[in-house]
Each structure stands twice: as C-alpha cells, then as structure tokens.
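An overview of the molecular structure
Spelled out from the first residue to the last, the chains are:
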Amino acid sequence: MTRLDLTRSPRALALLRSRWPQFLLRAITLAGFVFTILSGLMGSVVGSHNFAIIFVWIAWWTTLKLVFIPFGGRSWCSICPIPLPGEWLQNGGILQPRGGTGFGLGKRWPRFLKGSWMQAGGFLLIGLFGAMTLTSAKITAIVLLFILILALALSLVFERRSFCNYLCPIGGFTGLYAQAGPVELRVKDVDICAAHSEKTCYTACPWGQYPLALKSSANCGLCMECLRVCPSDNIAVNLRPWGSDLGPKTKHRLDEAFLGLVMLASALVDSAVFLGPWGQLKSAAYAIGSPAWFLFSGSFLLTALGILPGLYLGAAWAANRLGTTHVNLRQSLAHYSQVLVPLGLMAWIAFTISFAFVKFGYVLPAVSDPLGWGWNLIGLSKTAGVGEATSFSLNLQVAILMVGLYWSSRVACRISETIRQAAPLIAFSGLFTLAMLWLLVG
Amino acid sequence: MLLFIGMSLLIFFAPLPQPVQIPKDRLIRIEASSFQFIPGEIQINPGDRVTVELVSTDVVHGFSLDGYSFELKADPGQTATGTFTAGKAGVFRFRCSVACGNLHPFMIGKLQVGVNLLLFRGIALGLLAIAAALVSLRKAPRRRM
C-alpha cells in the first residue's frame, strides 16, 4: 500500500524533531484546560453561557471527532495537556526526554489491569452520568480537575503514561478509532532497528511502545519522542490510506471488541438521550440517584453489556461456524472486532454533525463572554441563536452512516474467507446502522 | 464504483411523490415543561395549516421549529399561539428557544410532515452500500484467520 513519509521533507522533519513546536501547542492546551476548569468553577451556572461547557463538549469534542481522529489518528494525544504535569515531574524537566532523574516510583502497571477494559468502563461512566456532566459547568470542571490530579498521581507511582494507556476514556476512544486514521508511526528499515542494541526509542517512549513492534496505531500517541532520540533517523511518520490497521493479517484483542461495543452502545444511547424527542428519557438520565435514573442506567448497561454484545457474539459465532477453519470464540470475537471500528467512527461522526451543526453557534459567544458575566470581549456575546438542523446536515448524516456501513461491510469481507462467512457481521452492521439512522433522521 | 456513486445520488435526490392528502386546519396544544414537550412527536400532512398553542407549565419556554422560521415564547402558566402552513415535507425538530435550565439545549420534539422519505432513502442507500462493498472485493483474495 502507498505511504507518504513526512520525515522525507526536511522542514517537516525539523518541526517534528524539535520539542519546541509541540511544547508551545501543549502549553496553549494546558492553559486552555486550566482556564476551562476555572470558568467551570467560577462562571455562570447557565451551561450555554459558560466556556467550560461550550468549549469542552461542543468545540473540543466536535473537533476531536470531526478533525483530529479522522485526519490525524491519535494526534490529539500528542498535544493533550492532561499528562503533562506528571510527565514533567517524571522526566525532571519540561523539555527533557524520559530517562533523566525525575520524581516518581516508576512502578510497572499491574498486569491484570492492562488493556482497554478500564477505558471502556470510564466511557460507560461518561454515558451514565453524561446528562449531568454535559450540562453542568461545575461538574465538568470537577471531572476535569479530578482527571488532571489522577493522571498526576498515577505518574508519580507508575512509569510512563499509565493514565493515558489504561484509564483515559478519551484515550481509549481515540486509540480504537486511530486504527482507521490516515497517520502512522513506523520504522523505516527493520534491520537497522534489529541491530541497534540500546533501544533508545523504547526507553524514550512515554507510551511504552517499541516502534519496531508497532503493527497498529491504537497505542502510539504520536509524541515523536522515538523520532527525536533515534540515532539512525529510522523513524517514519506516514500518511497512509484510511483503515490500514484493519485487515486479515492484523492482530486484535478481546478488550478492543469490548471497547468497540461500548462505543457503539454509547453512540446509540447518546443519540436517544440528547437528540431524541423523549423528554422523560432526558429527565431520567439527568436525575442521578432517582428511581428513573436507575431505570435509565439499567437500560443503558443492558444495551452496552447485554444486547449489543449478545448480537455481536451471535454474529461472530455464526461467522466462525460458516468458515472452513474454526477458531475458538474468544479469538473470533477479537478478530472480527475490526468491523466495529469504521462502524463506530462513522456513527460518532454522524451523531456529532447532528449535535454540532446546531450548537456550534454557541462557541464564539462563549469566547466573547467565557464566564457568562456579561463581558463582550470580541463583540459576539449576544449572537448565539437557537440553531437548527438543516436538510444539508441531515443528508450529510445519512451519507456518513452509509460510508460507515460500506466500510465495515468491506472490512467484514476482507477478514472473512467468503462473503457467506461475512454475512452475519454485515447483518450486525446493518442493524446498528438502521438504529442510528432512525435515531438521527427518523 | 462510478455506477454505485451514480445510483446513490439518484436514491438521495430523485424526486419521489408524497401520498396526496387534503390539507386540514389543525390545532395542536403543546405543553412545555422542564425539559420536554408533550406531545414530543407530532405527525401532520403536507399543506396542513397548523395552529400551535404553546403552554408553559413551569418556567419561560420557547418553541422554535427547524426549517420553518416559526417561533413562539410562553411565560409560565400562559399560552402563546401561532399558525404556520406545513409547506415542506420531512421530519423537523422543534426546540426550546429560551434558556430554561441545564438540559435546555436538549429540549427537543419532532414534527413529521407527510412520509419521512429521508429514512427510506437511507435504508435503500444502506442496501446499496452493502452491495457496493461486496462488489468492490469480488476479485480480491480472501484471508485466513
């Protein structure tokens, strides 16, 4: 397959190799993160007038799904501010690579907690408490502050980016869908790496990845530390065709299947709660601790942990039975989880279009009056309208859902021996797409 | 592939006839409370002349209908009335247009005017997407797990 190595351009290589451009971007995102927390704690309680709500849940969350992931894979992780304070302490300096004399116990993350299980659990929590978190600036700020402190505390106990690798729900989200993204970091010449005994790239990597062994972009945060310390200029940053990590020869794990299913369930439930016409469902999702909320939570968990996994398990079992070579069910579930990647990514993009096109008008007024205190910094604080879904945005959502169905069906065929074997997986994708279609434009 | 793109454009944009119904005058009373409209889903026919009575049962609520530039605002316990003609077919969301609490941005209802052709077009496109995926890999080698 064709690849375009960005490091062949001397300018691009210089930009990637220098720590300064990345540091400046990180400094900006860290400042924005701290300001978001402050505005959530001190600003207006009216969500649509508070920078924290508008910036996190409309501007950033939308940009992540519509720009960063589909065009840059895990590129957001390379400028995410959350791990920075802990990483600076670990490294003993702001522009220091790993391996210096920093703070922290440097313990290894417990083996039984590895994988993306806890990230999926974190995403389930976002779904369960989403109606409150997405609409209360104070709760949003408290959640962000908690995440910042948790990431810092973990980095003082465990080595590298343990929080990002195993706990961050957004890390799980971006990692899963980065497999479909058009950016990858790989080695240029395998033999050069094999002959290099120091493995400086592995030592420097805050994600604990060894570039020679990278087969998927799910766990590489594109921090470029390996590229900076490689003595042989043997690291490539490739632009590649979308979906390059999905195919018959790639390896996948059971926790990826679980994460993919949680993402699908969350897309369905969020569409129903936030975009549907069912007021009682919204009230139930919001009234945390009430009997209605427990009913909502039970339904959500049943969808995420029962119905969708059950349907997927049935599809994977049937696909396995229809093949000429049978593997155990666990291997089937992991292998076929690739189908969930394009399906989920496109469903989230379609959901986001529905959400963002209507609400994006709140962004500039929130910049103009970030705390809701009556300021008018850029003269746009009174320009927020109600917003509306246009026929263009509705048609676009349908088109994107169909791209997801086409893509996942194609992946199902590619990783199956015959079309007959792929049929149950295609049926699963079709059923999910139909549900999303009904929720978004039905 | 060009064939599939052409077919998908045809499915998307080909004009389809709506079942003809005699337009009626309708009076629809909608109760707005935190954070829902009752009824939340309304179905009418194209051409109907619709009078909306918006009643707010708690705080000030608004009613803004996507695609129609139709807005109402009701004070607590008061009724606001307005009329529009349903000249466009399809599904349209209506939203609260006055900040009424934390879930205000998601206080949404649904008005269906005639048949929801976009949903049916979507289903047809889905079948086409699956067919396109199968055809695109017809000659490609298959894998072994």
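Residues numbered from 1 in each chain as written. Chains lettered and ligands numbered in written order. Predicted model: local features only at pLDDT ≥ 70, side-chain atom pairs only at ≥ 80, totals over all residues. Heavy atoms only, no water.

**Observations regarding the interface of chain B and chain A**
Counting from both sides, the interface comprises 45 residues of chain B and, opposite them, 54 residues of chain A. Taken together, both faces of the contact between chain B and chain A bury some 4200 Å²; the carbon and sulfur share is 65%. Counting every contact that joins chain B to chain A gives zero salt bridges. Across the chain B-chain A interface, the total number found is twelve residue pairs in polar contact (both at pLDDT 80 or more). For the side of chain B that touches chain A, the secondary-structure elements that each account for two or more residues are α1 (2–13), β5 (61–65), β8 (90–95), β9 (108–113) and α2 (117–136) of chain B. (Contact = heavy atoms within 4.5 Å. Buried area = accessible area lost by both parts, 1.4 Å probe. Salt bridge = Lys/Arg side-chain N within 4 Å of Asp/Glu carboxyl O. Polar contact = N/O pair within 3.5 Å; in protein donor to acceptor, adjacent residues only side chain to side chain. Helix = DSSP H or I, 4+ residues; strand = E, 2+ residues; numbered from the N terminus.)

**Some remarks on unusual backbone geometry**
Cis geometry marks the peptide bond from serine 34 of chain B to phenylalanine 35 of chain B, where omega comes out at -10 degrees. Assignment of secondary structure puts phenylalanine 35 of chain B in the loop between β1 (25–33) and β2 (36–38). Backbone geometry at leucine 222 of chain A places phi at a positive 55 degrees, although glycine is not the residue there. Structurally, leucine 222 of chain A is set in the loop between α10 (200–204) and α11 (225–229). Judged by relative accessible area, leucine 222 of chain A falls into the buried class, the value being 8%. Of note, methionine 224 of chain A is a non-glycine position whose phi angle comes to about 75 degrees, a positive value. Taking relative accessible area as the criterion, methionine 224 of chain A reaches 8% and is therefore assigned buried. (Buried < 20%, exposed > 50% of the residue type's maximum accessible area, 1.4 Å probe, protein only.)

**Description of the pairing of β5 of chain B**
All names here are of chain B. Most of β5 sits out of view: five of its five residues are buried. Judged by which residues are buried, β5 turns out to be covered on both faces: His61, Phe63 and Leu65 on one side and Gly62 and Ser64 on the other are all buried. As paired strands, β5 and strand β6 (residues 70–74) are joined by five bridges and run antiparallel to one another. What sits directly across from glycine 62, in β6, is lysine 73. What sits between β5 and β6 in their antiparallel hairpin is a turn of four residues, with glycine 67 showing a positive phi close to 80 degrees. Where β5 lies against β8, two bridges are found, and the strand directions are antiparallel. (Pairing = 2+ DSSP bridges.)

**Things to note about the pairing of strand β2 (residues 183–187) of chain A**
All names here are of chain A. Among the five residues that make up β2, five are buried, leaving the element largely enclosed by the rest of the structure. Of the pairings in the sheet, the one linking β2 to strand β3 (residues 235–239) comprises five bridges and is antiparallel in character. By the bridge assignment, arginine 186 is partnered in β3 with alanine 236.

**A short note on the pattern of salt bridges**
All names here are of chain A. Tallied over the entire structure, the rule returns 16 salt bridges over all chains. Between arginine 161 and glutamate 87 there is a salt bridge whose closest N-O contact spans 2.6 Å. Of this pair, arginine 161 sits in the loop between α6 (137–157) and α7 (162–167) while glutamate 87 sits in helix α4 (residues 84–91), and the two are 74 residues apart along the sequence. Take arginine 161 and glutamate 87: they sit in the same class, and that class is buried. A salt bridge links arginine 253 to aspartate 255; the nearest nitrogen and oxygen atoms lie 2.9 Å apart.

**Thoughts on helix α16 (residues 340–359) of chain A**
Given a rise of 1.5 Å per residue, 20 residues ought to cover 28 Å, and the 28 Å separating the end C-alpha atoms of α16 of chain A matches this to within 8%. Counting buried residues along α16 of chain A, 19 of its 20 residues qualify, which places the element largely inside the surrounding structure. (Expected span 1.5 Å × (residues − 1).)

**A closer look at the domain arrangement of chain A**
Residue and element names in this part refer to chain A. Along its sequence, chain A is organised into domain 1 (4–178) and domain 2 (255–441). Here the C-alpha centroids of domain 1 and domain 2 sit 22 Å apart. Regarding the contact of domain 1 and domain 2, the summed buried area is about 3600 Å², with carbon and sulfur atoms giving 81% of it. Counting across the interface, domain 1 meets domain 2 through zero salt bridges. (Domains from an automatic or database assignment.)

**A closer look at the sheet that holds β3 of chain A**
Working definition: the strands of a sheet are paired by backbone hydrogen bonds and lie parallel or antiparallel to each other. All names here are of chain A. Judged by pairing direction, the sheet is antiparallel, and its three strands sit side by side in the order β1-β3-β2 without closing on themselves. Every interior strand has two partners, whereas the edge strands, β1 (4–5) and β2, have only one. One ladder, built from two bridges, connects β1 with β3; its direction is antiparallel. Along β3, the bridge assignment pairs leucine 4 with leucine 239.

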